[in-house]
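Residues per chain are reported as follows:
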Amino acid sequence: MTVSKARNDEVMAFLFDLDGTLVDSVYQHVLAWREALEETGIELSVWRIHRRIGMSGGLLVNALLRETGRELSPEEISGVHHRHAAAYRRYLPQVRALPGARELLTALSGARVPWAIATSGLIESARPALDLLGVGDDAAIVTRDQVARAKPDPDLFRAAANRLGVSIQTSVVVGDSVWDLLAARRAPALGVGVLSGGYGREELERAGAYRVYDDPADLLLHLDEVGVRASK
């Protein structure tokens, strides 16, 4: 059980998605899902899979099955998830931290702005990405297995704010997908988008992004636009 801190309603915090926001892993996940689905007899173009990345794995599979008109048993769906996890592990050597990601987290810590990472993945798949970022066990990390519903529901970001002991309403959610930003709106929190996951600027803005930046490095250069003052 996670014990939250006493909440401070005045403190601003940053709540980050992981894949496509801090680490360059979206397309590896897409290819892993394609492999898992094809091994189950379901063929889909990669662009269709990409449009669902950012959802929880359960919602993603259900949405793709709806597009194909196929039905799978719970056991078959579980098999898809296991195959995806195995395929993604093979792609892990290709995954990198996005430009500026480590520096952005360091800058926020230096400015005494609390931050957390909230991911629709499980800790087993998230841990290698967190290691790439140099994120230790003391960081606030919320994963899919710790909440009732993943994105586009707001549970992950609300739990992350709770973990930090801050109000979700004074938090900034940073994500690369429309699902991140829909969850931010529902939380409700201020949404900021990054283009590093493959969604377009207009899509992210329509989903509720206050600002859209290229990647973490671009956001780092413009932290003043989202209310972070330079540390003295």
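The structure we're discussing is the one just above.
So, how was this worked out
Residues numbered from 1 in each chain as written. Predicted model: local features only at pLDDT ≥ 70, side-chain atom pairs only at ≥ 80, totals over all residues. Heavy atoms only, no water. Axes fitted to C-alpha atoms, helices over the stretch in contact; angles between N-to-C directions. Helix = DSSP H or I, 4+ residues; strand = E, 2+ residues; numbered from the N terminus. Parallel < 35°, antiparallel > 145°, perpendicular 65-115°, else oblique. Left-handed = near helix turned anticlockwise from the far one by under 90°. Contact = heavy atoms within 4.5 Å. Nonpolar A, V, L, I, M, F, W, Y, C, P; charged D, E, K, R; others polar. Core = buried A, V, L, I, M, F, W, Y, C linked by side-chain atoms within 4.5 Å. Buried < 20%, exposed > 50% of the residue type's maximum accessible area, 1.4 Å probe, protein only. Pairing = 2+ DSSP bridges. Right-handed = clockwise from strand over helix to strand, strands pointing away.

Asker: Quick rundown of the packing of helix 1 (residues 26-38) against helix 4 (residues 74-91)? Include the residues and the values.
Answerer: Here helix 1 crosses helix 4 at 135°, and the two axes come no closer than 8 Å. Judged on the interaxial angle alone, helix 4 and helix 1 are oblique. Classified by chirality, the crossing of helix 4 by helix 1 is right-handed. Seen from helix 1, the contacting residues are Gln 28, His 29, Leu 31, Ala 32, Trp 33, Glu 35, Ala 36 and Leu 37; seen from helix 4, they are Val 80, His 81, Arg 83, His 84, Ala 87, Tyr 88, Arg 90 and Tyr 91. Along the lines of polarity and charge, the residues of the contact of helix 1 with helix 4 split into nine nonpolar, four polar and three charged.

Asker: With reference to specific residues and values, describe the nonpolar core.
Answerer: Among the nonpolar cores identified, the biggest contains 34 residues, and Phe 14, Phe 16 and Ile 117 are the most heavily contacted of them. Of all the elements in the fold, those that place two or more residues in this core are strand 1 (13-16), helix 4, helix 5 (101-110), strand 4 (115-118), helix 6 (123-132), strand 6 (171-175) and strand 7 (190-194). Per element, the largest residue contribution to this core is four residues, and it comes from helix 5. Residue contacts for Phe 16: discarding those within four places in its chain leaves Thr 21, Leu 22, Leu 104, Leu 105, Leu 108, Trp 115, Ala 116, Ile 117, Ala 118, Phe 157, Val 174 and Leu 219. In terms of nonpolar packing, the next biggest core, distinct from the first, is built from 24 residues, Leu 64, Tyr 199, Ala 209 and Val 212 among them.

Asker: Which residues make up the pairing of strand 6, and what values do they have?
Answerer: With five of five residues buried, strand 6 is to be regarded as a mostly interior element. Neither face of strand 6 is open: one carries Ser 171, Val 173 and Gly 175, the other Val 172 and Val 174, and all of them are buried. Here four bridges tie strand 6 to strand 7, and the two strands are oriented parallel to one another. Pairing of Val 174 across the sheet is with Val 192, part of strand 7. The parallel pair strand 6 and strand 7, bridged by helix 8 (residues 178-186), forms a crossover whose chirality is right-handed.

Asker: Describe the sheet that holds strand 5 (residues 140-142), listing the residues and the values that go with them.
Answerer: Strand order across the open sheet formed by six strands is 5-4-1-6-7-8, with parallel pairing between neighbours. The open sheet is flanked by strand 5 and strand 8 (209-213), the only strands paired with a single partner. Along the sheet, successive strands turn relative to each other by an average axial angle of 25°, direction set aside. The pairing of strand 1 with strand 6 spans four bridges and is parallel. The residue of strand 6 that forms the bridge with Ala 13 is Ser 171. With respect to the sheet, helix 7 (residues 155-164) is in contact with strand 1, strand 4, strand 5 and strand 6, its orientation differing from that of strand 5 by roughly 155°.

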